[in-house]
Structures are given as C-alpha cells and as structure tokens.
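# Residue-level structural notes
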Amino acid sequence: MTDRWHVEVDRGVCIGSGMCVAAAPDGFRLDEARQSHPLYAEQDAAESLLAAAEGCPVEAIAITVLESGEAVFPPEE
C-alpha cells in the first residue's frame, strides 16, 4: 500500500515562483494571485511532490505522512 501524504502550502510565505507546478503539475496549481495551492490536501506519496517541496525557493510547502503525522518535508532535525 502506498503512503498517503498531507500537503500544505504556507501562503504567507509563498512567492508564486511556480517551481512546484513545474515539478509536480498534477499536485499543485497557482491561483489568480500567483499563490500555490495543492490540488488535493491528501495525495498519494510521490517523488514529484517531494521534488516540488525541496525545490521551493522559500520552503513554503510542508508534507507529512497522513497516518502518523511524521514530517516528510521539511525533515525534522
């Protein structure tokens, strides 16, 4: 069974670079104000989602494992 992730974008931090949409077009979109939104808050774990979070220039994307709440990105230190 594939892990399910909870994906959220901190819109107070998002600068609308579009890097997330480029990395994971099936996971994110930009709204009229060029703010990123996950297409779905709960998504199947995918390398493209992780790449989008890692590639965000302001680290506005947080991903946690839905079942456990464990941080996927940013990793817990």
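In the block above lies the structure referred to throughout.
These numbers come from a predicted model, not from an experiment.

Another aspect to go through is the sheet that holds strand S1 (residues 4-9). Here four strands make up an open sheet; going across it, the order is S4-S1-S5-S6 and the pairing antiparallel. Here the strands that pair on one side only, and so sit at the sheet edges, are strand S4 (42-44) and strand S6 (71-73). Between one strand axis and the next, the sheet turns through 35° on average, direction left out of account. Of the strand pairs in this sheet, S1 and strand S5 (residues 61-65) are connected by five bridges, and their pairing is antiparallel. Counterpart to Val7 in the pairing with S5 is Ile63.

Right, let's get into the pattern of salt bridges. Under the definition given, this model contains one salt bridge. The salt bridge involving Arg4 is made with Asp44; its shortest N-O contact spans 2.8 Å. Separated by 40 residues along the polypeptide, Arg4 in strand S1 and Asp44 in strand S4 bring together distant segments of the chain.

Attention now goes to the nonpolar core. Counting residues in hydrophobic clusters, the biggest one holds 17 residues, and the most contacted among them are Trp5, Val7, Phe28, Leu49, Ile61 and Ile63. Secondary-structure elements contributing two or more residues to this core are S1, helix H2 (47-55) and S5. When residues in this core are grouped by element, the largest group, four residues, is from H2. Apart from residues lying up to four places away in sequence, Leu49 is in contact with Trp5, Val7, Ala24, Gly27, Phe28, Gln43, Asp44 and Ile63.

Basis of the calculations
Residues numbered from 1 in each chain as written. Predicted model: local features only at pLDDT ≥ 70, side-chain atom pairs only at ≥ 80, totals over all residues. Heavy atoms only, no water. Pairing = 2+ DSSP bridges. Helix = DSSP H or I, 4+ residues; strand = E, 2+ residues; numbered from the N terminus. Axes fitted to C-alpha atoms, helices over the stretch in contact; angles between N-to-C directions. Salt bridge = Lys/Arg side-chain N within 4 Å of Asp/Glu carboxyl O. Core = buried A, V, L, I, M, F, W, Y, C linked by side-chain atoms within 4.5 Å. Buried < 20%, exposed > 50% of the residue type's maximum accessible area, 1.4 Å probe, protein only. Contact = heavy atoms within 4.5 Å.

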